[in-house]
Amino acid sequence: MSDLSELRFFRTPAHPCSYLEGQQAATLFVDPQTRLDAALYSELSRLGFRRSGDYLYRPHCEGCQACIPARVRVADFQPRRRHKRLMQRNADLRVSEEPARYTREIYRLYARYIDQRHGDGDMYPPSEEQFTSFLTCDWADTRFHCFRDGDDQLLAVAVTDHLDDGLSAVYTFFDPDRGERGLGVNALLWQIQASHRRGLPYLYLGYWIRQCQKMRYKSQYRPLEVLIQGQWRELEEPDRDTGA
């Protein structure tokens, strides 16, 4: 185990929050000069940090703690009926584990996804440099899990980091014209199953935000553990999505 007390951190200036309208946000980064590796990454993930490119960060906002680290306890996960139906709908897909690197095929899918689904977000417009700096990393154990149909067409990519106690769902992008497949949900369910197959107890999902619809969906995957005041505890809030 590393001596975390020796780590240095930097805090960004306040900036408009991407999740809560009218709020100001700030981010705490591990010193970029720190020699990072998969073991330290795993320790910091248990403290609520996430990876973006070569950087490890967590929200550090003045007077706000809305962003709550979340992870699925995979051994006890029970898919709902609609999850089972969706997995059956996508049973024809073949999943390959590929190196985390730029390829023309993968980047084309990423660019289409950003253009059509996140045209008003921070990642628009997409670029090859942005793709590489956001998703790949020199020191993390990162894989691209690629979902292809029977015609070998790439439909989705789940960018996944391998930690010592679980997998971390870094980012998923998919064919925006295939909404009937529920590719994003299917990829998350697949990562839960992949964690279980590897004997890993958790799938780290990033931040759950009660007040933000696009982040609140994570409460559908139970049991969901959240990090509050330094302790991981099971989320007890009722799931507002009551669909079967």
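Here the structure is a predicted model, which is why all the values come from computation and not from measurement.

A.B. asks: Even after reading the chapter, I still don't get helix α5 (residues 183-197), so can you show me in this structure?
C.D. replies: Every α-helix carries 3.6 residues per turn, so stepping three or four residues along brings you back to the same face. Its 15 residues give α5 an end-to-end C-alpha distance of 21 Å, which sits within 8% of 21 Å, the value for a rise of 1.5 Å per residue. Considered for burial, the residues of α5 that qualify are Leu-183, Asn-186, Ala-187, Leu-188, Leu-189, Trp-190, Gln-191, Ile-192, Ala-194 and Ser-195. Of the residues one or two after α5, Gly-199 is the one with positive phi, at around 75 degrees.

A.B. asks: Is there a simple way to think about the layout of surface pockets in this case?
C.D. replies: Vacant regions in the atomic arrangement are exposed by a probe of water-molecule size rolled over the atoms. Each pocket or cavity is described by its volume, and for the second largest pocket that value is around 430 Å³. Together, 18 residues line the second largest pocket, and Arg-58, Gln-65, Cys-67, Leu-227 and Gln-229 are the ones closest to its centre. Looking at the lining of the second largest pocket, the elements with two or more residues in it are β6 (55-59), β7 (68-73) and β13 (224-228). When its residues are assigned to classes, the lining of the second largest pocket shows 11 nonpolar, five polar and two charged.

A.B. asks: Any chance you could explain the sheet that holds strand β1 (residues 9-11) here in plain terms?
C.D. replies: Within a sheet, each strand pairs with its neighbour through backbone hydrogen bonds, oriented either parallel or antiparallel. Read across the open sheet, the four strands follow the order β1-β4-β6-β5; overall the sheet is antiparallel. In the strand order of this sheet, the two ends are held by β1 and β5 (50-52), each with one partner. In this sheet, neighbouring strand axes are inclined to one another by 35 degrees on average, regardless of whether the strands run parallel or antiparallel. Sheet analysis places strand β4 (residues 27-30) next to β6, joined by three bridges and oriented antiparallel. Within β6, the residue paired with Phe-29 across the bridge is Tyr-57.

A.B. asks: Sorry if this is basic, but what is going on with a positive patch on the surface here?
C.D. replies: Taken together, the side chains of Arg-81, Lys-84, Arg-85 and Arg-89 define a basic patch exposed on the protein surface. Look at Lys-84 and you get exposed, because its relative accessible area is 51%.

A.B. asks: In this structure, what is going on with empty space enclosed by the protein? I would like to understand it.
C.D. replies: Counted according to the given criterion, the structure contains one cavity of 30 Å³ or more. Tyr-41, Ser-45, Gly-48, Phe-49, Arg-50, Pro-69, Ala-70, Ser-168, Tyr-204, Leu-205, Gly-206 and Tyr-207 together form the lining of the largest cavity. Those elements giving two or more residues to the lining of the largest cavity turn out to be α1 (38-45), β7 and β12 (202-208). Of all the elements, β12 adds the most residues to the lining of the largest cavity, at four residues.

Here is what the cut-offs are and how they apply
Residues numbered from 1 in each chain as written. Predicted model: local features only at pLDDT ≥ 70, side-chain atom pairs only at ≥ 80, totals over all residues. Heavy atoms only, no water. Helix = DSSP H or I, 4+ residues; strand = E, 2+ residues; numbered from the N terminus. Expected span 1.5 Å × (residues − 1). Buried < 20%, exposed > 50% of the residue type's maximum accessible area, 1.4 Å probe, protein only. 1 Å grid on protein atoms, 1.4 Å probe; cavity = no way out; pocket = protein on both sides within 12 Å on 5 of 7 lines; lining within 4 Å. Points joined across faces, edges and corners; volume = space filled by probe spheres on them. Nonpolar A, V, L, I, M, F, W, Y, C, P; charged D, E, K, R; others polar. Pairing = 2+ DSSP bridges. Axes fitted to C-alpha atoms, helices over the stretch in contact; angles between N-to-C directions. Patch = residues over 30% accessible without salt bridge, like charges linked within 9 Å, V, L, I, M, F, W, Y side chains within 5 Å. Areas by Shrake-Rupley, 256 points an atom, 1.4 Å probe, with all protein chains shown as cover. Salt bridge = Lys/Arg side-chain N within 4 Å of Asp/Glu carboxyl O. Lys, Arg positive; Asp, Glu negative; His and termini not counted. Charge placed at Lys NZ, Arg CZ, Asp CG, Glu CD.

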